[in-house]
Amino acid sequence: MKIGTPKEIFEGEARVAMTPDSALQLQKLGHECLIESGAGAAAGFSNADYKAAGVEVVKTAAALWKASEIVAKVRPPEGTEIKRLREGQTLISFFNPGGNEDQMALAAEKGATVVAMEMVPRISRAQKMDALSSMANIAGYRAVIEAGNNFGRFFTGQVTAAGKVPPAKVLIVGAGVAGLAAIGTSTSLGAITYAFDVRPEVAEQIESMGAEFVFLEFEESAQDGAATGGYAAPSSPEFREAQLAKFREMAPDIDIVITTALIPNRPAPVLWTEDMVGLMKPGSVIIDLAAERGGNCELTVADEKIVSKNGVTIVGYTDFPSRMATQSSTLYATNIRHMMTDLTPEKDGKVVHDMEDDVIRGATVAHAGEVTFPPPPPKIQAIAAQPAKEAPKELTVEEKKAQEVEAFKAQTRSQITLLAVGGALTLGVGLVAPASFMQHFIVFVLAVFVGFQVIWNVSHSLHTPLMAVTNAISSIIILGALMQIGSGSYLVILLAALSVFMAGINIFGGFLVTRRMLAMFQKS
């Protein structure tokens, strides 16, 4: 089938839904690729790049919509775009079905199929198609870069000849995909990073990335704050007041605030009030990633950057992914390519729209002349119930002692048997071997026995201290080899040299590994 990507008509949108690389992968699925002339220019992809990838460049949007059986784009269709849909055609894009009911109904009336990329279920199998997470990841990263661009100091602390520069203190509200991306970027730049989320289970994730989780002394904070779909559940008024009180306490000491609390089709909760902005130091920065739904900051103005009366910069841009158009387009085009892989199971260029598939059904909002939004919850495969295990029988003191005695007797019998077999084998060898060989052989057997007892029986948790023991044993091997190097036999000299070489590797390697492990516990 022919897959076409038009140029985005939304003002300021620089992303494109098809890249030369994704086009190559789509062609492997048996599809033909078309793109409107100049559609990828703002994202850094020229018409020549597409032609080199085997993509047909179409001059106008009207011609592309007419020639394409599948249309892939970024923004929801606007104006004439939705009117260009026809029966049997498939549209893959962000669609905002919860707030776009009229266009959804129009698409269904025309007999077109609409796949809304933001409706991809958040299940493990669908992660490769999760365009929301891809864009949120970029938004979180870009938010920190924008904060640095508007902040008048370093992120990391420095000690210079001109004086000491303290590190910036960054608070990130919300630890979803965007929040975690912001945490990773902020800590990597050297800032002291704090993060808050109503879901206490994300505390370990936050701390593992080098940030400090802001704990809230409130009963509700200990309960599950997660809702379905991977978003945080709305909080009670009491919890919200405790949350605002904590933020108000932190505000005078924070240099940069990045808010990420946003649930699709819901107004953004106000988490940073006007009085908190007034408590912040002049030169501080607030980046509001929820500006498109009203903003988490009370003073946020969508798509604008303003400065408060006390000199705090508040950034309310809604196009953070578009500000990194090349990276955003690459990830989004990959998401669409994975969606097309599921829609083309035979890789023969024929789309099979399987409405029994959880991912395809969840993302489809219009199909076969009907509005299919909202989708049913994904089917969860039942896990076979494990048979209940009987509780172990509680033993009396006498029974426990009897078991220990029996185990000791069994171990003793095993050791006696091994010694008897070993002694018999040694005696058998001694009957036919010369006396000089037997002297060395007995030493060898004893060394093996001692080595077995010293090394084999050591617990796995003590492997690092064991290096010292293995180094000692290797040292004994080197001493023995050095004593044999002066032998008149070339074979003995060769074996001795090899022993010294291999034991030396073990010794020096052991010291290097130990040094690295000890360095892990040292402060830089």
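What about the overall build of the protein?
The helix and strand tally for the protein stands at 16 helices and 17 strands. Buried residues in the protein amount to 38% of all 524 residues. Considering only residue pairs separated by 6 or more positions, the protein has 62% of its internal contacts joining residues 24 or more positions apart. For the protein, the exposed surface amounts to about 29,400 Å²; the carbon and sulfur share of it is 61%.

Some thoughts on the environment of histidine 353
Among the structural elements, histidine 353 can be located in the loop between helix H11 (325–343) and helix H12 (358–363). When the C-alpha positions of histidine 353 and histidine 367 are compared, they lie 9.2 Å apart, and in sequence the two are 14 residues distant. Setting aside residues no more than four positions away along its own chain, histidine 353 makes contact with Thr113, Val115, Leu343, Ile360, Thr364 and His367. In this structure the side chain of histidine 353 is engaged in a polar contact, spanning 2.8 Å, whose partner is the side chain of threonine 364.

Concerning a nonpolar patch on the surface
Residues Leu491, Leu494, Leu495, Leu498, Phe501, Met502 and Ile505 make up a contiguous nonpolar surface patch of roughly 730 Å² in combined accessible area. You can see leucine 491 is positioned in helix H16 (residues 490–519).

A closer look at the side chain of serine 328
Position of serine 328 relative to the elements: it lies in helix H11. Judged by relative accessible area, which is 0%, serine 328 ranks as buried. Among the polar contacts made by the side chain of serine 328, one reaches the main-chain carbonyl oxygen of proline 321 at a distance of 2.5 Å. If we skip the residues at most four places from it in the chain, serine 328 touches Arg15, Met135, Ile138, Pro321 and Ser322.

Quick look at unusual backbone geometry
Of all residues except glycine, most have a negative phi; of all peptide bonds, most are trans. Along the chain, phenylalanine 373 connects to proline 374 via a cis peptide bond; the corresponding omega equals 0°. Its identity as a non-glycine residue notwithstanding, asparagine 96 has a phi of 50°, on the positive side. Classification of asparagine 96 by relative accessible area gives partly exposed; the value is 31%. Unlike most non-glycine residues, alanine 368 shows phi in positive territory, near 55°. Along the chain, alanine 368 turns up in the loop between strand E16 (364–367) and strand E17 (370–371). Accessibility expressed as a relative area gives 61% for alanine 368, which makes it exposed.

Regarding the nonpolar core
Counting residues in each nonpolar core, the largest one holds 39 residues, and the members touching the most others are Val55, Ile92, Met117, Tyr332, Ile336, Met339 and Met340. Of all elements in the fold, only helix H1 (20–28), strand E2 (32–36), strand E4 (70–72), helix H6 (131–150), H11 and H12 reach the threshold of two or more residues within this core. Beyond its immediate stretch of four places on either side in the chain, methionine 340 contacts Ile3, Leu26, Leu29, His31, Ile70, Ile92 and Val351. One finds Ile172, Leu180, Ala203 and Ile256 within the second-largest nonpolar core, a separate group that totals 30 residues.

Digging into the sheet that holds strand E14 (residues 305–307)
Read from one edge to the other, the open sheet built from seven strands follows the order E11-E10-E9-E12-E13-E15-E14, with strand pairing classed as mixed. Bordering the open sheet on either side are strand E11 (212–213) and E14, each of which pairs with just one other strand. H6 rests against strand E12 (256–259), strand E13 (285–288), E14 and strand E15 (313–315) of the sheet, and its axis sits at about 150° to E13. Packing of helix H7 (residues 177–188) onto the sheet brings it into contact with strand E9 (169–173), strand E10 (192–196) and E12, and relative to E9 it is tilted by some 170°.

With respect to the pattern of salt bridges
Applying the stated criterion across every chain yields a total of 16 salt bridges. Of the charged contacts in the structure, one is a salt bridge between arginine 323 and glutamate 146, with a shortest N-O distance of 3.8 Å. Of this pair, arginine 323 sits in the loop between E15 and H11 while glutamate 146 sits in helix H6, placing them 177 residues apart in sequence. By relative accessible area, which is 6% here, glutamate 146 ends up buried. Overlapping salt bridges bring together Arg142, Glu146, Asp319 and Arg323 as one network.

Considerations on the pairing of E2
Of all five residues in E2, four are buried; the element is thus mostly enclosed. In this sheet, E2 lies alongside strand E1 (residues 2–5) in parallel orientation, the contact comprising four bridges. The residue bridging glycine 4 from the neighbouring strand is leucine 34, located in E2. Tracing the backbone out of E1, into H1 and back to the parallel element E2 gives a crossover that is right-handed. For E2 and strand E3 (residues 56–58), the ladder comprises three bridges, and the chain directions are parallel.

Re the packing of H1 against H11
Running from amino to carboxyl end, H1 crosses H11 at an angle of 5°, the nearest separation of the two axes being 9 Å. One element, H1, and the other, H11, form an angle in the roughly parallel class. Facing H1, whose interface residues are Ser22, Gln25 and Leu26, H11 presents Ala333, Arg337 and Met340. Per-class residue counts for the contact of H1 with H11 are three nonpolar, two polar and one charged.

Details of empty space enclosed by the protein
By the definition in use, this model includes one cavity of 30 Å³ or more. Counted as a void, the largest cavity has a volume near 30 Å³. In this structure, the largest cavity is lined by Ile3, Thr5, Ala17, Met18, Leu26, Ala72, Ile336 and Met340. Listed by contribution, the elements that provide at least two residues to the lining of the largest cavity are E1 and H11. When its residues are assigned to classes, the lining of the largest cavity shows seven nonpolar, one polar and no charged.

Observations regarding the side chain of glutamate 13
Along the chain, the position of glutamate 13 falls in the loop between E1 and H1. Assessed through its relative accessible area of 9%, glutamate 13 is described here as buried. For glutamate 13, the contacting residues outside a window of four places in its chain are Glu8, Arg75 and Ser322.

Remarks on the packing of H6 against H7
Running from amino to carboxyl end, H6 crosses H7 at an angle of 40°, the nearest separation of the two axes being 7 Å. Here H6 runs over H7; the crossing is right-handed. Contact residues: H6 offers Ser133, Ala136, Asn137, Gly140, Tyr141, Val144 and Ile145, while H7 offers Val177, Ala178, Ala181, Ala182, Thr185 and Ser186.

Conventions and cut-offs
- Along every chain, residues carry numbers that run from 1 in the direction the sequence is written.
- With the structure being a predicted model, the display of local features is reserved for residues of pLDDT at least 70 and the display and counting of side-chain atom pairs for 80 or more, all residues being used for whole-chain, interface and lining totals.
- Computation of side-chain values covers all heavy atoms of the structure but excludes hydrogens and water.
- Only DSSP runs of H or I covering at least 4 residues are called helices, and only runs of E covering at least 2 are called strands; the numbering of each starts at the N terminus.
- Each residue is assigned to one of three classes by its accessible area relative to the maximum for its type, calculated with a 1.4 Å probe on protein chains only: buried under 20%, partly exposed between the two thresholds, exposed over 50%.
- Contact between two residues is taken to exist if any of their heavy atoms lie within 4.5 Å; hydrogens are not considered.
- Only the protein chains shown count as covering a residue, and every accessible area follows the Shrake-Rupley method with a 1.4 Å probe.
- For the purposes of these results, a polar contact is taken to be a pair of N or O atoms within 3.5 Å, where, inside protein, one atom must be able to donate a hydrogen and its partner to accept one; residues adjacent in sequence count only when each atom of the pair is a side-chain atom.
- Like-charged residues are merged into a patch within 9 Å and nonpolar side chains (Val, Leu, Ile, Met, Phe, Trp, Tyr) within 5 Å, provided each residue has over 30% relative accessible area and no salt bridge.
- Salt bridges, as used here, are contacts in which a Lys or Arg side-chain nitrogen is within 4 Å of a carboxyl oxygen on Asp or Glu.
- Residues enter a nonpolar core if they are buried and are Ala, Val, Leu, Ile, Met, Phe, Trp, Tyr or Cys, with the set joined through side-chain atoms within 4.5 Å.
- When DSSP finds two or more bridges between two strands, those strands count as paired.
- All axes here are fitted lines through C-alpha atoms, helices being fitted over the stretch that makes contact, and every angle between N-to-C directions spans 0 to 180 degrees.
- Crossover handedness is defined by viewing with both strands directed away from the observer: a clockwise path from the first strand over the helix to the second marks the crossover as right-handed.
- Should an angle fall under 35 degrees it is called roughly parallel, over 145 degrees roughly antiparallel, and 65 to 115 degrees roughly perpendicular, with every other angle called oblique.
- Gly is placed with the polar residues, together with every amino acid not listed as nonpolar (Ala, Val, Leu, Ile, Met, Phe, Trp, Tyr, Cys and Pro) or charged (Asp, Glu, Lys and Arg).
- In the cavity and pocket records, a cavity denotes points on a 1 Å grid over the protein atoms alone where a 1.4 Å probe fits but cannot get out, a pocket denotes an open set with protein on both sides within 12 Å along at least 5 of 7 lines, and lining residues are residues with an atom within 4 Å of a point.
- Grid points are joined across faces, edges and corners, and a volume is the space filled by probe spheres set on the points.
- We call a crossing left-handed when the near helix sits turned anticlockwise from the far one by less than a right angle, and right-handed when that turn is clockwise.

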